[in-house]
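Chains, contacts and geometry: an overview
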Amino acid sequence: MLSIFKRSLALLLAASLPVAAEIDPWQYNLTEGVTSVSQNVYGLHMFIFYICCIIGVIVFGAMFVSMYLHRKSRGVEASQFHESVKLELVWTIVPALILIGMAFPATKSLMEIYDTDNAELDIIVTGHQWKWQYEYRGEGVSFFSNLSQKSKDQIYSADAKSDDYLLDVDNPLVIPTGTKVRFLVTAADVIHSWWVPELAVKRDAIPGYINEAWTKVDEPGHFVGQCAELCGKDHGFMPIEVKVVSPEEFESWLGEKRAEAAAIAEAAKQTFTIDQLLEEGKVVYDTYCAACHQANGQGVPGAFPAIAGSPIAMGDVGLHMDRVLNGGVGMPPFGEQLTPVQSAAVITYQRNAFGNNMGDIVQPVDVVQYQQGQ
Ligand SMILES: [Cu+2]
């Protein structure tokens, strides 16, 4: 009986904490983390916790001892020490000293947390409903990080949930070891919060503001976190994954990302046939659009308009591009998330699927020109 209770309590705790799979579900304390800041925060927490314990023992000890030894049945008379200057001095000075003793290390830790100077790498972290975007400043690398397809599939399936369920993404953030990385945290729509416990980084992502945070991790590793500010329907589905790799691996990863960006730019210059666009467009539609507009293009009445027979999908191409690239009320903008080829393909697809037989084609160059004209 007790073991069932313990097991369910452990499961409950494990489910409510954003921890890596290898962490003990019976862990009650904060994580010590892997950075000097996180270890300082942990040390400070323990230091103040012990002070609280000592004060607790002394205060409750004194209460119990006096209640027991000086109880009425033993005929003890209450002693009177009103306006005792000595006592008043003691109970003012001692707590003041304790407070100073706690403020000193706390201030030191805070100063370290906020010292974002001399960073060697700047990453702009932007919260979107409901994904993160990472831009490596000056490196020409920028990408979105979405909940992985594997976790999405597990949400409503009867499959067993994997250990990293809801904590894995398609494109993790990658940073090098031994490097001071500064995060410039902001948001594109509502307030989010970028939180990775083991790095002791938790910063609100607020539209129109840039909040700074930093980290420096010395050993390679893999850390997870979550959005920590209720930001709407899919708040629980925008996890964070950070991979810390050696500087050499980091450079080669950056190289790959740059090559990817170059390939995307190159592809955007090509002209595709309608069949190629329709094939790619269906894939993009099913991945990015079907959640709202439904796989059959019928939408959800009252919430998401149908694409079949839509006046926009069957109307002016410019308006159609505008809706897809810039979004609308309740529809996120896809201009940055999709490549020009993907945008052109999905627009062409919507104009020629679900009975919308427009017969026209949007090429990637049209999308690029449209975006440049904005
Ligand atoms: Cu969020």
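Just above sits the structure.
The sections below set out a description of the structure shown in this document. (Residues numbered from 1 in each chain as written. Predicted model: local features only at pLDDT ≥ 70, side-chain atom pairs only at ≥ 80, totals over all residues. Heavy atoms only, no water.)

Remarks on the environment of Thr 177
- If you trace the backbone, Thr 177 turns up in the loop between strand 4 (173–176) and strand 5 (181–187).
- Of the residues examined, Thr 177 reaches a relative accessible area of 12% and is grouped as buried.
- Distance in space between the C-alpha atoms of Thr 177 and Ala 345 is 39 Å, their sequence separation being 168 residues.
- Leave out the neighbours within four places in its chain, and Thr 177 touches Val 217, Asp 218, Glu 219, Pro 220, Val 244, Val 245, Ser 246 and Pro 247. (Helix = DSSP H or I, 4+ residues; strand = E, 2+ residues; numbered from the N terminus. Buried < 20%, exposed > 50% of the residue type's maximum accessible area, 1.4 Å probe, protein only. Contact = heavy atoms within 4.5 Å.)

With respect to the sheet that holds strand 3 (residues 141–145)
- Overall, mixed pairing links the five strands, which are arranged 3-2-1-5-8 in an open sheet. Only two strands of the sheet have a single partner each, and these edge strands are strand 3 and strand 8 (211–215). Ignoring strand direction, the axes of neighbouring strands in this sheet form an average angle of 25 degrees.
- Here strand 1 (residues 121–128) pairs with strand 2 (residues 131–136) via six bridges, running antiparallel. For Thr 126, the partnering residue across the bridge sits in strand 2 and is Gln 133.
- Sitting on the sheet, helix 5 (residues 247–268) is in contact with strand 1, strand 2 and strand 3, with an inclination near 85 degrees to strand 3. (Pairing = 2+ DSSP bridges. Axes fitted to C-alpha atoms, helices over the stretch in contact; angles between N-to-C directions.)

Structural notes on the coordination of the copper ion
- Taken together, His 192 (ND1), Cys 227 (SG), Cys 231 (SG) and Met 238 (SD) make up the full set of protein donors to the copper ion, lying 2.1 to 2.6 Å away.
- Each of the four donor atoms around the copper ion contributes to a set of angles spanning 94 to 128 degrees, which defines the coordination as tetrahedral.
- Donor residues binding the copper ion come from one chain and are separated in sequence as H-x34-C-x3-C-x6-M. (Donors = N, O, S within 2.8 Å, 3.2 Å for Na, K, Ca; no water. Tetrahedral: all angles 85-135°; square planar, octahedral: opposite > 155°, others 65-115°.)

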